[in-house]
Amino acid sequence: MENWKQHPIGGEIRPEVWGCVFDSPSCAPEGQAFADCVNETHATWLMDTGMFRETAAKPRYQRAIEQVGRMGYEFHLAAAKVDAAELQETRVSVKVENRGVAPFYHKGWKVQLGLIDPVQGEVIEQWPTSWRLTGIQPGEGPTTWSTTLNLKAIAAGDYVVALSVPSNIKGGVSLRFANQTQDNDAKDWVSIGSLRIQP
């Protein structure tokens, strides 16, 4: 019953409810609504070949997008703090929670911090971290990450501090956080605070 915490769960929607499982009302048997099954199995993926046999009506397609979006992980930055720059360094702390139904399984994706020039929208510096998404289980309290950034090579000015988890797959898509500040200041980065470096 706890296997989903270490290994991804997936499968196939039964052929007799392909497509119509997302109708309103759903054709799924009682007690087997899509959302209920996802919550119970902690599924990360489910195949529904019948959804695309014909062009789905817009309401069905929209419900499918919304319900499928509940599978797997959903990381949200619950809080973040960027200390004022002192002695050419700053302390950054982040609280991240998983609001999904399953964890993130791959250990190779690495979290990095960066400084963004808010005028140009360019990432001017990046720092690797030891932070990992694996092990952050849904339904548990937030995980706290913190580190100190060396600012010796950074010119004076106002910056946005941001966080990114780039894909470790060639041509892959970076992980996105369920925060409104995702991509606000630079693509693939979620903004977490501001930082002023004095001359």
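Structure first, text after, so check above.
Residues numbered from 1 in each chain as written. Predicted model: local features only at pLDDT ≥ 70, side-chain atom pairs only at ≥ 80, totals over all residues. Heavy atoms only, no water.

J.: Is there a simple way to explain the overall build of the protein in this structure?
T.: Within the protein one finds two helices and nine strands. The helix and strand sequence of the protein, counted from the amino end, reads β-α-β-α-β-β-β-β-β-β-β. For the C-alpha atoms alone, the extent of the protein along its principal axes is close to 65 × 35 × 30 Å. Counting the 199 residues in the protein, one finds 37% classified as buried. Taking the contacts inside the protein whose residues are at least 6 apart along the sequence as the reference set, 71% of them involve residues at least 24 apart. About 11,800 Å² of surface is accessible on the protein, with carbon and sulfur atoms providing 50% of the total. Each charge class in the protein can be summarised by its mean position, and for the 19 positive and 23 negative side chains these summaries are 3 Å apart. (Helix = DSSP H or I, 4+ residues; strand = E, 2+ residues; numbered from the N terminus. Buried < 20%, exposed > 50% of the residue type's maximum accessible area, 1.4 Å probe, protein only. Contact = heavy atoms within 4.5 Å. Areas by Shrake-Rupley, 256 points an atom, 1.4 Å probe, with all protein chains shown as cover. Lys, Arg positive; Asp, Glu negative; His and termini not counted. Charge placed at Lys NZ, Arg CZ, Asp CG, Glu CD.)

J.: What exactly am I supposed to notice about the nonpolar core here?
T.: A general feature of soluble globular proteins is that nonpolar side chains tend to end up buried together. Judged by nonpolar contacts, the single largest core of 29 residues is most densely connected at L163 and F177. If you list the elements that add at least two residues to this core, you get strand 3 (75-82), strand 4 (89-98), strand 5 (112-117), strand 7 (143-150), strand 8 (157-164) and strand 9 (190-197). Here this core takes four residues from strand 9, the largest share from any one element. Setting aside chain neighbours within four positions, we find F177 in contact with F75, L77, V96, L163, V165, Q182 and V190. In this structure, I13, M51, A56 and V101 belong to the second largest nonpolar core, which totals 16 residues. (Core = buried A, V, L, I, M, F, W, Y, C linked by side-chain atoms within 4.5 Å.)

J.: It is not clear to me how the sheet that holds strand 7 should be interpreted in this structure. Could you clarify?
T.: The strands making up a sheet are joined through hydrogen bonds of the backbone, oriented either antiparallel or parallel. One open sheet holds the three strands; their spatial order is 3-4-7, and the pairing between them is antiparallel. Whereas interior strands pair on both sides, the edge strands pair on one side only; in this sheet they are strand 3 and strand 7. Between one strand and the next, the sheet's axes are offset by a mean angle of 20°, whatever the strand orientation. Relative to strand 7, strand 4 runs antiparallel, the two sharing eight bridges. Residue pairing across strands places E89 opposite N150, the latter belonging to strand 7. (Pairing = 2+ DSSP bridges. Axes fitted to C-alpha atoms, helices over the stretch in contact; angles between N-to-C directions.)

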